[in-house]
Amino acid sequence: RIVYVNGDYVPEAEAKISVFDRGFLMADGVYEVTSVLAGRMIDFAAHMARLRRSLAELEMDAPAGEAELEAIHREMIARNALEEGMIYMQVTRGAADRDFTYPEGAEPSLVLFTQARPLRDTAGARNGIRVITVPDIRWARRDIKTVQLLAPSMCKMAAKTAGVDDAWMQEDGVVTEGTSNNACIVTAEGTVVTRDLSSDILHGITRAAVLRFAREAQVKVEERAFTVEEARAAAEAFVTSASSFVTPVVEIDGTAIGDGTPGPVARRLRDIYIEESLKAAT
Ligand code: PLP
């Protein structure tokens, strides 16, 4: 695999980052993950807009202009002959003597790598996934897409240990989101319900696209908090993310959702998402 590190495209074994990089020492960095279908990127402009916002919230300089970042993404697709999979991009504040205040004049570090893997035809899409609910132990600025991912890693490990696919995080019985996706349910009336935007959740790019496609397809959408109890009794459940698109959830805490198979609303929204995203891919 060819990776990108601060201006160079190098084999992954030759890539180097300083031990004083604040991304490494303090998780002082942000990232974006963009999916690639048929060698083209899905929703790239929206990922760039969220990156800009994450950087601004942390008073961090952009490592390069947006045209250059896009060119680097394209070069990574070409050099890795990526047809289907993910491009990961990470920006950290850079290397500086260890101190809690932001250093002045540090050069941001920019790293990209690709992950080739099937996104359209997956076991999760075919069979749905099973989740457990766990306490949301993350910090209070989940709207910033930082590389500080230990809490969701712990939550996902709890799911793995429990023998299921993922965890939905909850606070006081109210669902925030999945460990790396936004959580949605479908009511008996066919309304898609997902948590409203705030600093409690990541503002998913896929969430926004799916809600837009749902509204265009005359599917009712409600952006509001919902409880674990409401989710367990829902007609359907699903998650959205750049890497999973729309993936049905068929079991929550051992309770089957609906008839325990992927529901029609989730399957339809997945099909629409893939079709429309391919059309608009760049
Ligand atoms: N929520 C969390 C906590 C995430 O980590 C992610 C993606 O990594 C998402 C939601 C989904 O966001 P997106 O659709 O932009 O991939």
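Bear in mind that the values here come from a model prediction, so they are computed numbers and not experimental data.

Conventions used here
- Residues numbered from 1 in each chain as written.
- Predicted model: local features only at pLDDT ≥ 70, side-chain atom pairs only at ≥ 80, totals over all residues.
- Near = placed C-beta within 6 Å.
- Helix = DSSP H or I, 4+ residues; strand = E, 2+ residues; numbered from the N terminus.
- Nonpolar A, V, L, I, M, F, W, Y, C, P; charged D, E, K, R; others polar.
- Expected span 1.5 Å × (residues − 1).
- Contact = placed C-beta atoms within 7 Å.
- Pairing = 2+ DSSP bridges.
- Axes fitted to C-alpha atoms, helices over the stretch in contact; angles between N-to-C directions.
- pLDDT = per-residue confidence, 0-100.

## What to know about the site of the ligand
- The environment of the ligand is formed by 13 residues, the closest being L202, G204, I205, T206 and A242.
- Of all the secondary structure elements, the ones that give two or more residues to the shell around the ligand are α6 (205-216) and β13 (236-241).
- Element by element, the count of residues in the shell around the ligand is highest for α6, at three residues.
- The class makeup of the residues in the shell around the ligand is four nonpolar, seven polar and two charged.

## Some thoughts on helix α3 (residues 66-79)
- Across its 14 residues, α3 extends 20 Å between first and last C-alpha, which sits within 8% of the 20 Å expected from 1.5 Å per residue.
- Taken together, the buried residues of α3 touch β1 (2-5), β3 (29-37), β4 (40-41), α2 (44-57), β5 (85-92) and β6 (109-116).

## Observations concerning the sheet that holds β5
- Spatial strand order, β2-β1-β6-β5-β3-β4: six strands in an open sheet with antiparallel pairing. At either end of the open sheet lies a strand with only one pairing partner, and these are β2 (8-11) and β4.
- Inspection of the sheet shows β1 paired to β6 by two bridges, in the antiparallel sense. Bridging across to β6, Y4 finds its partner in L112.
- Lying over the sheet, α2 contacts β3, β4 and β5, oriented at roughly 175° with respect to β3.

## Some thoughts on the confidence of the model for the chain
- Taken as a whole, the chain shows an average pLDDT of 98; of its residues, 100% reach a score of 70 or greater.
- Ranking the helices and strands of the chain by mean pLDDT puts strand β10 (residues 182-186) first, with 99, and helix α8 (residues 264-280) last, with 97.
- Among the prediction metrics, the complex's ipTM stands at 0.99, with pTM recorded as 0.98.

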